[in-house]
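These are the residues of each chain, in order.
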Amino acid sequence: MYERILIPLDGSQEAEAAVHEVVHLSMNPQIVHLQLVENGVMQSRQLEGYTVYADQIHDARARFGDTYLEPLRRMLGDRGLRVEVSVTNGAPLHEVAGTAEKLDADLILLGAGEGGWLRRRIGLSHIAPRLAKKVKAHVLLVQGGAKQQEALQRAA
């Protein structure tokens, strides 16, 4: 039985399908950890004539991340699950593997799709084979988002 489940997110419907799937799995985990994975930021960036530093970008992303994760945390909490959340900043493979190790995760649920804002970089499902080699947890891809909707429409 899986007691500690990690669900990395990148803002896509495909990744969020994993959050919804944990409700349908016939298990009662002790903890579900939602991790918003952000790509690393450079030390500064010029935006419309103003210099914005990495710590300012990181703070803004953290505030956005908390806002993004709250409804998902609440949804799982309402179903009786204990939920933790985190916003990490860096290479997705490294960040997810590090969180899995720190959490001592038994299962990592990855939404199968091209990803949200990571789409052009890597997308979370593309890290699955390398992630499975780096962690002791099981890695499960969850079909969802647009593909899941299409399958449901075909079945109806």
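What counts, and at which threshold
- Residues numbered from 1 in each chain as written.
- Predicted model: local features only at pLDDT ≥ 70, side-chain atom pairs only at ≥ 80, totals over all residues.
- Heavy atoms only, no water.
- Helix = DSSP H or I, 4+ residues; strand = E, 2+ residues; numbered from the N terminus.
- Contact = heavy atoms within 4.5 Å.
- Areas by Shrake-Rupley, 256 points an atom, 1.4 Å probe, with all protein chains shown as cover.
- pLDDT = per-residue confidence, 0-100.
- Buried < 20%, exposed > 50% of the residue type's maximum accessible area, 1.4 Å probe, protein only.
- Pairing = 2+ DSSP bridges.
- Core = buried A, V, L, I, M, F, W, Y, C linked by side-chain atoms within 4.5 Å.
- Axes fitted to C-alpha atoms, helices over the stretch in contact; angles between N-to-C directions.
- Phe/Tyr/Trp six-rings, centres within 6.5 Å; stacked < 30°, edge-to-face > 60°.

## Brief notes about the overall build of the chain
So, point 1. Scanning the chain from terminus to terminus reveals 5 helices and 7 strands.
So, point 2. Taken from the N to the C terminus, the helices and strands of the chain come in the order β-α-β-β-β-α-β-α-β-α-β-α.
So, point 3. Taking contacts inside the chain between residues at least 6 apart in sequence as the whole, the part at least 24 apart equals 76%.
So, point 4. Summed over its atoms, the accessible surface of the chain is roughly 9,100 Å², and 49% of this surface lies on carbon and sulfur atoms.

## Re the confidence of the model for the chain
So, point 1. Looking at the chain, the pLDDT average stands at 79 and 71% of residues meet or exceed 70.
So, point 2. Within the chain, strand β3 (residues 44-47) has the poorest average pLDDT of any element, 52, and helix α3 (residues 92-103) the best, 94.
So, point 3. In this model residues 117-122 is a low-confidence stretch, pLDDT under 50, and it forms 17 contacts with partners more than four residues away in sequence or in other chains.

## Points about the pairing of strand β2 (residues 31-38)
So, point 1. Counting buried positions along β2 gives 8 out of 8 residues, so the element sits mostly inside the fold.
So, point 2. Neither face of β2 is left uncovered, since the one carrying Ile-31, His-33, Gln-35 and Val-37 and the one carrying Val-32, Leu-34, Leu-36 and Glu-38 both have all their residues buried.
So, point 3. Here strand β1 (residues 4-9) pairs with β2 via 6 bridges, running parallel. Within β2, the position partnered with Leu-6 by the bridge is His-33.

## Points about unusual backbone geometry
So, point 1. Of note, Asp-104 is a non-glycine position whose phi angle comes to about 60 degrees, a positive value.
So, point 2. Tracing the backbone shows Asp-104 in the loop between α3 and β6 (107-112).
So, point 3. Judged by relative accessible area, Asp-104 falls into the partly exposed class, the value being 30%.

## Quick notes on the nonpolar core
So, point 1. Judged by nonpolar contacts, the single largest core of 22 residues is most densely connected at Ile-7, Leu-9, Val-19, Val-22, Leu-34, Leu-76 and Leu-109.
So, point 2. Of all the secondary structure elements, the ones that give two or more residues to this core are β1, α1 (13-24), β2, α2 (54-78) and β6.
So, point 3. With sequence-adjacent residues up to four places away left out, Leu-9 is seen in contact with Ala-15, Glu-16, Val-19, Leu-34, Gln-35, Leu-36, Val-37, Tyr-68, Leu-69, Leu-72 and Leu-124.
So, point 4. In terms of nonpolar packing, the next biggest core, distinct from the first, is built from 17 residues, Val-37, Ala-97, Val-135 and Ala-137 among them.

## Overview of the sheet that holds strand β7 (residues 138-143)
So, point 1. Strand order across the open sheet formed by 5 strands is β5-β2-β1-β6-β7, with parallel pairing between neighbours. The sheet terminates laterally at β5 (83-89) and β7, the two strands that pair on one side only. Between one strand axis and the next, the sheet turns through 25 degrees on average, direction left out of account.
So, point 2. Judged from the 7 bridges that link them, β2 and β5 form a sheet pairing that is parallel. Following the sheet pairing, Val-32 is matched in β5 by Val-83.
So, point 3. Where α3 meets the sheet, its contacts fall on β1, β2, β5 and β6, and the angle it forms with β2 comes to roughly 160 degrees.

## Here's the deal with the packing of aromatic side chains
So, point 1. Inspection of the entire model under this criterion finds 1 aromatic pair.
So, point 2. Summarising the aromatic geometry, the rings of Phe-64 and Tyr-68 are spaced 6.2 Å apart at their centres and angled 20 degrees between planes, so their arrangement reads as stacked. One end of the pair, Phe-64, and the other, Tyr-68, are both in helix α2, 4 residues apart, so they sit about a helical turn from each other.
So, point 3. Assessed through its relative accessible area of 41%, Phe-64 is described here as partly exposed.

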